[in-house]
Amino acid sequence: MKKEILSIVVPCYNESETTESSFRILQQLCNSWKEKTLIADYELLFVNDGSTDDTFDILKKIYNKNKNVSIVNLRKNSGFQAALTAGLFESTGDIVVSIDADLQDDPEKIEEMIQKYHEGFEMVLGIRKDRSTDTFFKRLFAETYYKILRKIGVKSVYNHGDFRLLSRGIIDDLKKFPERVRYLRSLIFEIEPRYACVYYARTKRKFGQSKFTFSKSLSLAIDGVTSFTAQPIRLLSVLGFFMFILSIVCTVIVFFGKFYWHLGIPGWASLALIVLFFGGIQNLSLGVVGEYVSKIYIENKARPLYLVRDIYTHGK
Ligand code: UDP
Ligand code: MG
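What counts and what doesn't
- Starting afresh in each chain, residues are numbered from 1 along the sequence in its written order.
- Note on labels: chains are lettered from A, ligands numbered from 1, in written order.
- Since the coordinates come from a predicted model, pLDDT governs what is reported: local features require at least 70, and pairs of side-chain atoms require 80 or more to be given and counted, while whole-chain, interface and lining totals use all residues.
- Computation of side-chain values: all heavy atoms of the structure, hydrogens and water removed.
- Strands are runs of DSSP state E lasting at least 2 residues, helices are runs of H or I lasting at least 4, and numbering of each runs from the N terminus.
- Categorising residues by exposure relies on relative accessible area from a 1.4 Å probe, with only protein chains included: less than 20% of the type maximum marks a residue as buried, more than 50% marks it as exposed, and the intermediate range marks it as partly exposed.
- The contact criterion used is simple: two residues touch if any of their non-hydrogen atoms lie within 4.5 Å.
- Surface accessibility in these figures is a Shrake-Rupley result with a 1.4 Å probe; residues are shielded only by whichever protein chains are displayed.
- Only four residue types enter the charge count, namely Lys and Arg as positive and Asp and Glu as negative; His and the chain termini do not.
- By convention, the charge on Lys lies at NZ, on Arg at CZ, on Asp at CG and on Glu at CD.
- Note on method: axes are straight lines fitted to C-alpha atoms, helices fitted across the in-contact stretch only, with angles between N-to-C directions ranging 0 to 180 degrees.
- Oblique is the label for any angle not under 35 degrees, not over 145, and not in the 65 to 115 range, which are roughly parallel, roughly antiparallel and roughly perpendicular in turn.
- Strands pair, by our definition, only if DSSP identifies at least two bridges between them.
- Handedness of a crossover is defined as follows: orient the strands so they point away from the viewer, and if the path from the first strand over the helix to the second runs clockwise, the crossover is right-handed.
- Buried Ala, Val, Leu, Ile, Met, Phe, Trp, Tyr and Cys residues that are joined via side-chain atoms within 4.5 Å together make up what is termed a nonpolar core.
- We call a residue near a given molecule or strand whenever any one of its heavy atoms falls within 4 Å of it.
- Polar contact is the term for a pair of N or O atoms within 3.5 Å; when the atoms are in protein, one must be able to donate a hydrogen and the other to accept it, and sequence-neighboring residues count only if both atoms are side-chain atoms.
- Lys, Arg, Asp and Glu make up the charged group, whereas Ala, Val, Leu, Ile, Met, Phe, Trp, Tyr, Cys and Pro make up the nonpolar group; the residues left over, Gly among them, are polar.
- For a helix, the expected span equals 1.5 Å multiplied by the number of residues minus one.
- Directions drawn from the helix axis to the C-beta atoms are what define this arc.

Draft legend 1. View of the overall build of the protein chain. The number of helices and strands found in the protein chain is ten helices and eight strands. With respect to the principal axes defined by its C-alpha atoms, the protein chain has extents near 90 × 40 × 40 Å. When the 316 residues of the protein chain are sorted by exposure, 45% land in the buried category. Looking at the protein chain alone, contacts between residues at least 24 apart form 83% of all its contacts between residues at least 6 apart. Carbon and sulfur atoms make up 62% of the accessible area of the protein chain, which amounts to about 17000 Å² in all. Across the protein chain, the centroid of the 43 positively charged side chains sits 4 Å from that of the 35 negatively charged ones.

Draft legend 2. Representation of the packing of helix H5 (residues 136-151) against helix H8 (residues 214-226) within the structure. Between H5 and H8, the least distance of the axes is 11 Å, while the angle of their chain directions is 10 degrees. One finds that H5 runs roughly parallel with respect to H8. Every residue of H8 that contacts H5 at Phe 137, Phe 141, Tyr 145 and Leu 149 is listed here: Phe 214, Ser 217, Leu 218, Leu 220, Ala 221, Gly 224 and Val 225.

Draft legend 3. Structural detail: the pairing of strand E1 (residues 5-12). Burial analysis of E1 places seven of its eight residues in the buried class, the great majority of the element. As paired elements, E1 and strand E2 (residues 41-48) share eight bridges and run parallel to each other. The residue bridging Ile 5 from the neighbouring strand is Asp 41, located in E2. Considered for its hand, the β-α-β crossover made up of E1, helix H1 (residues 19-35) and E2 is right-handed. The pairing of E1 with strand E4 (residues 95-98) spans four bridges and is classified as parallel. Of the residues in E4, the one forming a bridge with Leu 6 is Ile 95.

Draft legend 4. A look at the nonpolar core. Among the nonpolar cores identified, the biggest contains 38 residues, and Leu 6, Ile 8, Trp 33 and Leu 44 are the most heavily contacted of them. Core analysis: the second largest hydrophobic core is formed by 29 residues, Leu 45, Ala 83, Leu 174 and Cys 197 among them.

Draft legend 5. Highlighting the environment of Tyr 292. Note on placement: Tyr 292 falls in helix H10 (residues 268-301). On a C-alpha basis, the gap between Tyr 292 and Thr 229 in space is 9.9 Å, while along the polypeptide they are 63 residues apart. Sequence-distant contacts of Tyr 292, that is, excluding residues within four places in its chain, are made with Val 225, Thr 226, Thr 229, Ala 230, Gln 231, Pro 232 and Ile 233.

Draft legend 6. Looking closely at the environment of Val 252. Relative to the helices and strands, Val 252 resides in helix H9 (residues 231-259). Distance from Val 252 to Leu 166, taken between C-alpha atoms, is 61 Å for residues 86 residues apart in sequence.

Draft legend 7. Quick peek at the site of ligand 1. The local shell around ligand 1 holds 20 residues, among which Glu 15, Asp 49, Arg 202, Ser 210 and Lys 211 are the closest. Within the contact set of ligand 1, an oxygen atom lies 2.6 Å away from a side-chain nitrogen or oxygen of Glu 15. Contacts to ligand 1 include Lys 216, whose side-chain N or O atom sits 3.2 Å from an oxygen atom. Protein contacts shield 94% of the accessible area of ligand 1, which totals 540 Å² for the unbound molecule. When residues of the shell around ligand 1 are traced back to their parent elements, those giving at least two are E1 and helix H3 (80-90). A breakdown of the residues in the shell around ligand 1 according to their chemical character gives seven nonpolar, four polar and nine charged.

Draft legend 8. Quick look at H5. Relative to the 22 Å expected for 16 residues at 1.5 Å per residue, H5 spans 23 Å between its end C-alpha atoms, a close match to the ideal helical length. For H5, the complete set of buried residues consists of Ala 142, Tyr 145, Tyr 146 and Leu 149. In an axial view of H5, the angular spread of the buried residues amounts to 100 degrees, which keeps them on one side of the axis. Facing away from the buried surface of H5 by more than 90 degrees, the exposed residues are Phe 136, Phe 137, Lys 147 and Lys 151. Buried residues along H5 sit against strand E6 (160-167), helix H7 (184-191) and H8. Backbone geometry just downstream of H5 places Gly 153 in the positive-phi region, at approximately 85 degrees.

Draft legend 9. Summary view of the environment of Val 157. Of note, Val 157 is situated in the loop between H5 and E6. On the basis of relative accessibility, which here comes to 11%, the residue Val 157 falls in the buried class. Separated by 29 residues in sequence, Val 157 and Ser 186 have C-alpha atoms that sit 8.2 Å apart. Once you skip the residues sitting within four places of it in the chain, Val 157 turns out to touch Leu 125, Ile 127, Tyr 146, Phe 189 and Tyr 195.

Below, the structure is given as C-alpha cells:
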C-alpha cells in the first residue's frame, strides 16, 4: 500500500505557553507512526496568526532544530478560520489533519483517523464525546446553536469542531471556494458528503487561556448561519406577513368596537406596547437583513483571506 505524507496544521495565536510542549507531543506521535509505517513521513505546520507574545520566536527555535517543522507566519491576526485555511492551503502532505495548539483534542486519535483514511474516507471528523470541560453557558449555547443550524438546513455535525483529517483532493477543492467568510466545519460538506468519525474526550486547556471570547464565538456562530442559508430572511418575511394580518384583524376589531359595539377603546398603554412590539420586530429584521448585506459587502471587496509575511520550510 502506498504510504502518505501527513501534515498536521496547528494555528497559533498567543500560544507561547503551549507551543513547545504541543510540538513535543506531536513529534513523538508522528515518529511512532512513521516507525510503524503508518505514514511515510510528516510535516508539522504551525501558523502564527499574528501573535503578540513570543509564540513566533519559540516556533522559530523549534523550526531551526527540526526538519519536519514548517511555519506560516501571517502578517496580522486574521482569526482562527483564516489561520486554519492558511495552514491547509500551504500544507504539502497527502493527508492533512488540523488540530488546536492547546491539544485539547486528543492527538493520539490521529492514528485512527489515518486508518479510516486507508479504509477509503477522504474526510474524517473528530467528534468530542461530551462537553463536560465546557462551562454550563458555553454548553447551552453550543447545543441550542447546533439545533438551530439543523432546523434551518445548514449541514453540521454535532460536537465536531475543527479537529479533522482531509485528503489532498478535498483541500484542492476547498481552494475553489473564494468566500472570505469561512465556516469550515460546514463548508467541507459542500465538497464531500461522505465522512467517517472518530470519538474522543476533550480535555481542559492545560496552559494559557481560551482565545475565543464570547463575541468571537458569537461572530463565528452568525457566520455559520449566514454563510450557508438565507432562511432567516425568509422567516422574517413570513413573520412580517403574519404581523400584517394580525394588524388588519386588530384594526377591524377596533373599528367595530368603536362604531358598532360602542366599547371604550383603552388608551395609550396598549398603543405603546404595540409600537414597542413592532419596533422591536422591525429592528430585528433590519439587523438580520443587515447581516446579509454586510456579507455581500465583505465578499464583494474580495480582499485576501490572509496575508503571509513569510514561510519557513525545509523544502520538502
Ligand atoms: N486561534 C487563532 N487565531 C485566533 C484565535 C485562536 O489561530 O484569532 C487558535 C488558537 O491558538 C488555538 C485555536 O485557534 O490553536 C483554538 O483556540 P482556543 O483553544 O482558544 O479555543 P477554544 O478551545 O477555547 O474554543
Ligand atoms: Mg482550546
